[in-house]
Every structure is written in C-alpha cells, then in structure tokens.
Amino acid sequence: MFYSFVFSFAKCVIWIFNGRIRVTNKNKIPKGNYVLIAPHRTWFDMMYFGVVLLPKQFYFLAKKELFKNPILAWCLKKCNVEPVDRNNPGIAVVKNPIKVLRKTNLSVMVFPSGTRHSTKLKGGAAMIAKMAGVPLLPVVYQGPLTIKELLCRKKAHINFGNPIYIDKNEKLNDESQAKIEEKMKNAFKKLDNEIDPNYVYIDESKKR
C-alpha cells in the first residue's frame, strides 16, 4: 500500500516537472518475477524504473548510511528497501533477494556496477537470478541526471531489452560469470544505441 502510494506520487511529480516518460520495448518484460538490471546513472533512476513498471513492485538493497534517519529508514523499509554494508555485505546480500524472488510477488532491482561512479560489473545479479530461477531483464535510462535538469524538463527515455536466461545447471565459475557480464554490457550498449547512438554517460561528480 505504502509502496504504491510513494511511486504513484513520484509518477505525478515526474509528470508535472519533467513531462511524460518515453518507454520503449515494454513488451519484452517477462511474466512473473525477474531481476531488473541497469547501469546506475543518477540517484533517482530507480524511481523512474519503479514508476513505469507500476503496479509491479520491487525489492531493493541500499547503503546502510541512508537508514541513519529513523523517519527515512521507516519509509525505505515500507518501500521494500533493505540496508547493506558495502564494506562488508555478507551472504544476506544474495540470500535475501533469492528468498524474495521465490516466495513473494516482488521482483528485484539491481545495479550491477554497485554505484553511479563505476562501470565495472559485479556478479551478484547473475547469482541471484540463477539461484532464484528467474531471468535478468536489462534496461537503460537516458534522461536528467540532476534535479536542475529534471526541472528544466530534459526528456527521459527508458528502453527495455531481451531477458537474459541463465541455465540452472550452469556452474557460475569465473569463465561463465565473465560471459554473463559481457552479455549485460552488450545489452546496455545496444539499448543505449537504440535510443541515441551518440549517447555518452558523464558522471556528474567527475565534472566538478
């Protein structure tokens, strides 16, 4: 209930300040649960993904520092957000999302690079998808990266790709993991090119 309210409210705010979100290839979204994977480009891109995928709900992992404020922590937990220690993530980072995918109607949203300031992919998403028996769904966001750009109505475009299926009998060793990561990178590149062949993501923090 609270999740639906928050993302429905966010949808209205985005529409008022940024206009209609352009969404393409939504027909590629599989039925049932999945692991949504995307390059992390701004602190609010997960809101855009959550908004366009309503009424589907997601489970998220976020850095534990966001939970220091008790009011914010309560809101985050009501929106299916769980804290994680980036310096010492532990087995729960993989175990809990797998449990959610198997036993609830929630899908899982993962940014394989971990942060907005890295392009190196990590293996958690593939492991979660394989163990839960669900596909990876690649998606990219091109749009405002700052509040200023959002208020200036820089247009947002979201593009979904073909699901990536992992054979449940496939052993996730270094070699197979590298192949899956390559598929993710190629999927993101293809989706970006479909929106704009000249698109280049620039990390705002590195411009300062």
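Each chain has its residues counted from 1, running along the sequence as written. For this predicted model, a pLDDT threshold of at least 70 governs which residues receive local features, and a threshold of 80 or more governs which side-chain atom pairs are given and counted, while totals over whole chains, interfaces and linings are taken from all residues. To get the side-chain values, all heavy atoms of the structure are used, and hydrogens and water are removed first.

- The protein chain carries the name Acyl-phosphate glycerol 3-phosphate acyltransferase in an unreviewed UniProt entry, which gives Fructilactobacillus lindneri as its organism.

**Description of the overall build of the protein chain**
Right, on to step 1. In this description a helix means any DSSP run of H or I spanning at least four residues, a strand means any run of E spanning at least two, and both kinds are numbered starting from the N terminus. On a plain count of helices and strands, the protein chain comes out with seven helices and seven strands.
Right, on to step 2. What the globule rule says is 2.2 Å times the number of residues to the power 0.38, and the radius of gyration is computed from C-alpha atoms. Over its C-alpha trace the protein chain gives a radius of gyration of 17 Å, about what one expects of a compact globule, namely 17 Å for 208 residues.
Right, on to step 3. By its C-alpha atoms, the protein chain is 50 × 45 × 35 Å across when sized along the principal axes.
Right, on to step 4. Three exposure classes are used, based on accessible area relative to the maximum for each residue type with a 1.4 Å probe and protein chains only: buried under 20%, partly exposed in between, and exposed over 50%. Burial analysis of the protein chain (208 residues in total) assigns 43% to the buried set.
Right, on to step 5. Working rule for contacts: check all heavy atoms of both residues, and any pair within 4.5 Å makes them a contact. Long-range pairs, those at least 24 residues apart, make up 76% of the contacts in the protein chain with a sequence separation of at least 6.
Right, on to step 6. With residues, only the protein chains shown are counted as cover, and all accessible areas are computed by Shrake-Rupley using a 1.4 Å probe. About 12,100 Å² of surface is accessible on the protein chain, with carbon and sulfur atoms providing 58% of the total.

**Comments concerning the packing of helix 4 (residues 92-103) against helix 5 (residues 124-132)**
When two helices pack together, their arrangement is given by the angle between their axes and by how far apart the axes lie.
Right, on to step 1. Direction vectors running N to C along helix 4 and helix 5 enclose 40 degrees, while the axes themselves pass 9 Å from each other. Here helix 5 runs oblique to helix 4, going by the angle between their axes. Considering only the axes of helix 4 and helix 5, their crossing is right-handed. Here V93, V94, P97, I98, L101 and R102 of helix 4 come into contact with helix 5, specifically with M127, I128, M131 and A132.
Right, on to step 2. When residues are grouped by polarity, Ala, Val, Leu, Ile, Met, Phe, Trp, Tyr, Cys and Pro land in nonpolar, Asp, Glu, Lys and Arg in charged, and all others, Gly among them, in polar. Each residue belonging to the contact of helix 4 with helix 5 can be placed in one class, and the counts come to nine nonpolar, no polar and one charged. Think of each axis as a best-fit line through the C-alpha atoms, taken over the contacting stretch in the case of a helix, with angles from 0 to 180 degrees between the N-to-C directions. Orientation is classified from the angle alone, with under 35 degrees giving roughly parallel, over 145 giving roughly antiparallel, 65 to 115 giving roughly perpendicular, and any other angle giving oblique. Here a crossing is taken to be left-handed if its near helix is turned anticlockwise relative to the far helix by less than a right angle, and right-handed if that turn runs clockwise.

**A word on the pattern of salt bridges**
Right, on to step 1. Think of a salt bridge as a Lys or Arg side-chain nitrogen and an Asp or Glu carboxyl oxygen that are within 4 Å of each other. On inspection of all chains with the given rule, the structure shows five salt bridges.
Right, on to step 2. For the salt bridge of R41 with D192, the shortest nitrogen-to-oxygen distance reads 2.5 Å. In this pair, R41 is assigned in the loop between strand 2 (35-37) and helix 2 (45-52) and D192 in helix 7 (residues 174-195), connecting sequence segments 151 residues apart.
Right, on to step 3. Between E175 and K179 there is a salt bridge, with the nearest N and O atoms lying 3.8 Å from each other. Of this pair, E175 and K179 both sit in helix 7, four residues apart, roughly one helical turn.

**Focus: a nonpolar patch on the surface**
Right, on to step 1. For patches, a residue must show more than 30% relative accessible area and have no salt bridge; joins then use 9 Å for like charges and 5 Å for nonpolar side chains, namely Val, Leu, Ile, Met, Phe, Trp and Tyr. A surface patch of nonpolar side chains, about 670 Å² in accessible area, is lined by W15, I16, F17, W43, I147 and L151.
Right, on to step 2. At the level of secondary structure, the elements contributing two or more residues to the nonpolar patch comprise helix 1 (2-18) and helix 6 (147-151).
Right, on to step 3. Considering every element that reaches the nonpolar patch, the biggest residue donor is helix 1, with three residues.
Right, on to step 4. By the element assignment, W43 lies in the loop between strand 2 and helix 2.

**Here's the deal with the sheet that holds strand 6 (residues 136-142)**
Right, on to step 1. When DSSP finds at least two bridges between two strands, those strands are taken to pair. Spatially, 1-7-6-2-5-3-4 is the arrangement adopted by the seven strands of the open sheet, whose pairing is mixed. Of all the strands in the sheet, just strand 1 (22-24) and strand 4 (81-84) have a single pairing partner and so form its edges. The sheet shows a mean angle of 25 degrees between the axes of neighbouring strands, taken without regard to direction.
Right, on to step 2. The pairing of strand 3 (residues 58-63) with strand 5 (residues 107-110) spans two bridges and is parallel.

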